[in-house]
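The primary structure of each chain is shown beneath.
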Amino acid sequence: MAAAKRKNEEEPKLVIKPVGRLGGLDNIHVAMLVVIGILIVLLAVISFSKTQVVFQNQTATTTNSVACAGFLYGGKCIVPAYNGSQAEMQVRKMLASYNYVNSSLSLLPYFSDVNNMSASYMPTLNAWLVQLRVSIPNSSNSFYVSFLLNGSNITDVTPYIQMAKPSSVFDNYVASDGVIKLHGKYQCSAAAPLQLYWFIDPYAPGALASLGTLANLQARYGSKINESIDIVYTGYTESMASTYGSQAYYLGKAILCAYNQSNFASFVNGLKSYSGFISNSSIYATAQSSMLNMTEFGKCMGSLNVTQRISAQGLLAKYYNITITPAVVTDCEYLSLPQTANNAICFANSTIC
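Rules of the game
- Residues numbered from 1 in each chain as written.
- Predicted model: local features only at pLDDT ≥ 70, side-chain atom pairs only at ≥ 80, totals over all residues.
- Heavy atoms only, no water.
- Helix = DSSP H or I, 4+ residues; strand = E, 2+ residues; numbered from the N terminus.
- Contact = heavy atoms within 4.5 Å.
- Areas by Shrake-Rupley, 256 points an atom, 1.4 Å probe, with all protein chains shown as cover.
- Salt bridge = Lys/Arg side-chain N within 4 Å of Asp/Glu carboxyl O.
- Buried < 20%, exposed > 50% of the residue type's maximum accessible area, 1.4 Å probe, protein only.
- Arc of directions from axis to C-beta.
- Polar contact = N/O pair within 3.5 Å; in protein donor to acceptor, adjacent residues only side chain to side chain.
- Pairing = 2+ DSSP bridges.
- Axes fitted to C-alpha atoms, helices over the stretch in contact; angles between N-to-C directions.
- Disulfide = S-S within 2.5 Å.

Trainee: Describe the overall build of the protein chain, listing the residues and the values that go with them.
Mentor: The secondary structure content of the protein chain amounts to 12 helices and 14 strands. By sequence separation, contacts in the protein chain at least 24 residues apart represent 67% of the contacts at least 6 residues apart. Carbon and sulfur atoms make up 52% of the accessible area of the protein chain, which totals about 16500 Å².

Take a look at the structure:
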């Protein structure tokens with residue numbers, strides 16, 4: 001009776017809007033980024049067809065025995081209200097905020113070359129122009145994006161990206177290529193190993209494939225990192241549950257129950273052979289063919305402990321505002337995609353890279 005009761009218990013849910021992204025990035029999303037790149041070039045040509053006076057650097061200059069801490073233009077000393085570094089930081093914040101945009105633009109913070117952005121001041125417009133390169137995922141191509149910032153109020157930003165910008169700009173910012181610094185979140189611990197939270201909705205595009213990336217990082221860094229798989233039930237699993245009921249939640253439990261077994265990689269590869277919903281019988285058949293310890297696996301699947309772990313992991317995802325999976329939080333403060341997780345590891349602790 002107790003076992004039947006547990007079977008019918010509803011799993012804890014964290015409902016988050018689904019959106020595909022790299023890790024499950026399909027050709028449509030890549031094509032959209034290519035189109036965006038073309039539109040950016042056209043917009044830049046139209047917007048800057050009129051010659052503008054541009055200053056690349058702000059340095060102290062002396063003219064007529066008067067020191068100018070800004071730019072000399074038309075015989076006058078112009079000192080902007082903000083400097084180039086402040087303009088670049090505002091763009092880093094805007095890029096990070098694209099992470100929460102429900103479109104392919106959510107990839108911008110992870111493939112923008114923020115380490116090589118340039119800020120130029122245009123006195124005729126009293127504006128800062130910040131430019132940087134964005135790579136096209138899964139290709140060798142790239143394009144440039146530009147942001148025009150009001151020189152008197154740099155929070156007033158016009159991005160030349162289909163004239164679209166996030167509805168809200170948060171204090172998160174792109175700290176390095178592929179790495180977002182989460183505002184108000186701090187280092188886990190100064191001591192090794194480095195903590196990685198690997199958030200997945202098992203039914204999200206690229207979720208199972210991302211576990212291969214995790215395995216590669218485990219092999220590369222060994223005991224220098226302490227990784228955990230954290231299950232988040234988002235719109236993908238919720239959609240399955242609306243059709244198949246509580247069995248939709250078994251896949252997440254199965255991944256956690258198999259994770260510490262030696263044949264976990266084989267189990268994941270077996271799951272990847274299915275498309276769409278994976279039934280409980282298919283999960284157990286895959287576990288058997290993967291040579292998992294079925295006594296241990298079955299005991300875990302039937303325990304209340306794994307349900308409680310998933311509930312706690314859902315709260316952890318909410319704490320880090322994980323709205324799209326797969327996603328990785330490194331050292332409790334850096335957000336990345338699985339494909340840029342190595343960047344986050346090396347940014348958080350360069351001594352282990």
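Trainee: If you had to explain the pattern of salt bridges to someone new, which residues and values would you point to?
Mentor: A complete count under the given rule lists three salt bridges for this structure. Salt-bridge contacts for E333 lead to K181; the nearest nitrogen and oxygen are separated by 3.5 Å. Of this pair, E333 sits in the loop between strand 13 (327–330) and strand 14 (334–336) while K181 sits in strand 10 (residues 179–181), and the two are 152 residues apart along the sequence. For the pair formed by E333 and K181, the shared burial category is buried.

Trainee: Kindly report on helix 10 (residues 294–301), identifying the contributing residues and their values.
Mentor: Listing the buried residues of helix 10 in full gives F297, C300 and M301. Down the axis, helix 10 shows its buried residues gathered within 100° of arc, on one side only. Turned more than 90 degrees away from the buried face of helix 10 sit T295 and K299, all of them exposed. Regarding helix 10, its N-cap is N293, as a side-chain oxygen of that residue lies 3.2 Å from the backbone nitrogen of T295 further along.

Trainee: Summarise the sheet that holds strand 10; cite the residues concerned and give the values.
Mentor: Taken together, six strands build an open sheet; the order of strands is 9-10-14-13-11-12 and the sheet is mixed. Each edge of the sheet is formed by a strand with only one pairing partner; in this case those strands are strand 9 (173–176) and strand 12 (225–231). Pairs of neighbouring strands in the sheet enclose a mean axial angle of 30°, with direction left out of account. Looking at chain direction, strand 11 (residues 194–200) and strand 12 are connected through seven bridges and run parallel. Bridging across to strand 12, L196 finds its partner in E227.

Trainee: So, the pairing of strand 13: which residues are in play, and what are the values?
Mentor: Side chains of strand 13 alternate between two faces, with A327 and V329 and V328 and T330 buried alike. Across four bridges, strand 11 lies against strand 13 in antiparallel orientation. Considered in strand 13, the bridge of Y197 is made with V329. Here three bridges tie strand 13 to strand 14, and the two strands are oriented antiparallel to one another. Its bridge partner lying in strand 14, V329 is registered against L335. In this antiparallel pair of consecutive strands, strand 13 and strand 14, the connection spans three residues, and D331 shows a positive phi of 55°.

Trainee: Tell me about the state of the cysteines, and name the residues and values.
Mentor: Counting across every chain of the model gives four disulfides. The disulfide partner of C68 is C77, and the gap between their sulfur atoms is 2.0 Å. In this structure, the disulfide formed by C68 and C77 twists by about 90° around the S-S bond and is classed as right-handed. Accessibility expressed as a relative area gives 1% for C68, which makes it buried. The partly exposed category is assigned to C77, whose relative accessible area is 40%. Disulfide pairing is shown between C257 and C300; the S-S distance is 2.1 Å.

Trainee: Go over the sheet that holds strand 6 (residues 127–135), please, and point to the residues and values.
Mentor: Spatially, four strands are ordered 5-6-7-8 in an open sheet, and the strand pairing comes out antiparallel. At either end of the open sheet lies a strand with only one pairing partner, and these are strand 5 (118–122) and strand 8 (157–159). Pairwise comparison of adjacent strand axes, ignoring direction, gives a mean angle of 25° for this sheet. Inspection of the sheet shows strand 7 (residues 142–150) paired to strand 8 by three bridges, in the antiparallel sense. Within strand 8, the position partnered with F147 by the bridge is P159. Contacting strand 5, strand 6, strand 7 and strand 8, helix 3 (residues 84–97) crosses the sheet at an angle of about 50° to strand 6.

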